[in-house]
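# Coordinates in review
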Amino acid sequence: VQLQAYGGGLVQAGGSLRLSCAASGLLAFSIKYMGWYRLAPGKQRELVAGITSAGITNYDDSVKGRFTISRDNVKNTVYLQMNSLKPEDTAVYYCAADAMTVRYWGQGTLVTVSS
C-alpha cells in the first residue's frame, strides 16, 4: 500500500496550490475515508479536511471557505484545492486513507506560504 502525495511548494500569501494524493495497492471500495492533515513547526498534527467514500466532507474551521477537498473514487485519489493561502498555512501536509480498520499515511509534502 502506498500513498503518494504531491503538489506542495512555495507560494505567496493569497495564492493557491492544489495537492493530490494517489493511493495504490488498495481496492477503491475498501477506502472509506481520505483526509489531509498538516504538521507545522511547534504544533501538533491537525486535520485539515476529510472526505468519505460517499462524498461527505469536513474541514477545520481555519480553512473553511478557502480549501476544498475532493475525491476520485475510481483513481483512488484525493485532492485539496487551497485558495487564499495564508502564512499560517505553512506546514507539511500529509494524506491519509482509512481502509477496513487500518489507517495508511502518505509521505508529506511541504507547503510554504510567504507573506
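As a reminder, the structure under discussion sits directly above these lines.
Structural notes, computed from the coordinates.

Basis of the calculations
Residues numbered from 1 in each chain as written. Predicted model: local features only at pLDDT ≥ 70, side-chain atom pairs only at ≥ 80, totals over all residues. Heavy atoms only, no water. Helix = DSSP H or I, 4+ residues; strand = E, 2+ residues; numbered from the N terminus. Buried < 20%, exposed > 50% of the residue type's maximum accessible area, 1.4 Å probe, protein only. Contact = heavy atoms within 4.5 Å. Areas by Shrake-Rupley, 256 points an atom, 1.4 Å probe, with all protein chains shown as cover. Pairing = 2+ DSSP bridges. Axes fitted to C-alpha atoms, helices over the stretch in contact; angles between N-to-C directions. Phe/Tyr/Trp six-rings, centres within 6.5 Å; stacked < 30°, edge-to-face > 60°. Lys NZ or Arg CZ within 6 Å of the ring centre and 35° of its normal. Core = buried A, V, L, I, M, F, W, Y, C linked by side-chain atoms within 4.5 Å. Salt bridge = Lys/Arg side-chain N within 4 Å of Asp/Glu carboxyl O.

## Observations concerning the overall build of the protein chain
Looking only at helices and strands, one finds zero helices and eleven strands in the protein chain. Reading the protein chain from its N end, one meets helices and strands in the order β-β-β-β-β-β-β-β-β-β-β. Expressed along its principal axes, the backbone C-alpha trace of the protein chain runs to roughly 40 × 25 × 20 Å. A total of 115 residues make up the protein chain; the buried ones form 41% of that total. Residue pairs at least 24 apart in sequence account for 51% of intrachain contacts in the protein chain once pairs closer than 6 positions are excluded. Counting only carbon and sulfur atoms, one obtains 54% of the accessible surface of the protein chain, whose full area is about 6,000 Å².

## Focus: the sheet that holds strand 8 (residues 77-82)
The four strands lie next to each other as 1-3-8-7, forming an open sheet whose pairing is antiparallel. Across the chains shown, the open sheet's two edge strands, defined by having one partner strand only, are strand 1 (2-6) and strand 7 (67-72). When strand polarity is set aside, the average angle formed by the axes of neighbouring strands in this sheet is 15 degrees. Pairing analysis gives six bridges linking strand 3 (residues 17-24) to strand 8, with the strands arranged antiparallel. The residue of strand 8 that forms the bridge with Arg-18 is Gln-81.

## Thoughts on the pairing of strand 7
Of the two faces of strand 7, only one is covered, namely that formed by Phe-67, Ile-69 and Arg-71; the face formed by Thr-68, Ser-70 and Asp-72 stays uncovered. Across six bridges, the pairing between strand 7 and strand 8 is antiparallel. From the neighbouring strand, Ser-70 faces strand 8, where its bridge partner is Tyr-79.

## Remarks on the packing of aromatic side chains
Enumeration over the complete set of coordinates arrives at one aromatic pair. Between Tyr-37 and Trp-105 the ring centres are 5.0 Å apart and the planes differ by 65 degrees, which places this aromatic pair in the edge-to-face class. With Tyr-37 in strand 4 (residues 31-39) and Trp-105 in strand 10 (residues 102-105), this pair connects stretches of sequence that are 68 residues apart. With relative accessibility at 11%, the residue Tyr-37 sits in the buried group. By relative accessible area, which is 33% here, Trp-105 ends up partly exposed. Here the basic side chain of Arg-18 rests over the ring of Tyr-79, its NZ or CZ set 4.1 Å away from the ring centre. Lying across the ring of Trp-105, Arg-45 places its NZ or CZ 4.0 Å from the centre.

## Remarks on the nonpolar core
Ranked by internal contacts, the top residues of the largest apolar core, which has 29 residues, are Trp-36, Val-48, Phe-67, Leu-80, Met-82 and Tyr-93. The greatest single-element share of this core, amounting to five residues, is contributed by strand 9 (residues 91-99).

## Some words on the pattern of salt bridges
Counting across every chain of the model gives five salt bridges. A salt bridge links Asp-89 to Arg-38; the shortest N-O distance between them is 3.0 Å. On the criterion of sequence distance, the pair formed by Asp-89 in the loop between strand 8 and strand 9 and Arg-38 in strand 4 is long-range, its members being 51 residues apart. Per residue, the accessibility class of Asp-89 equals that of Arg-38, and both read buried.

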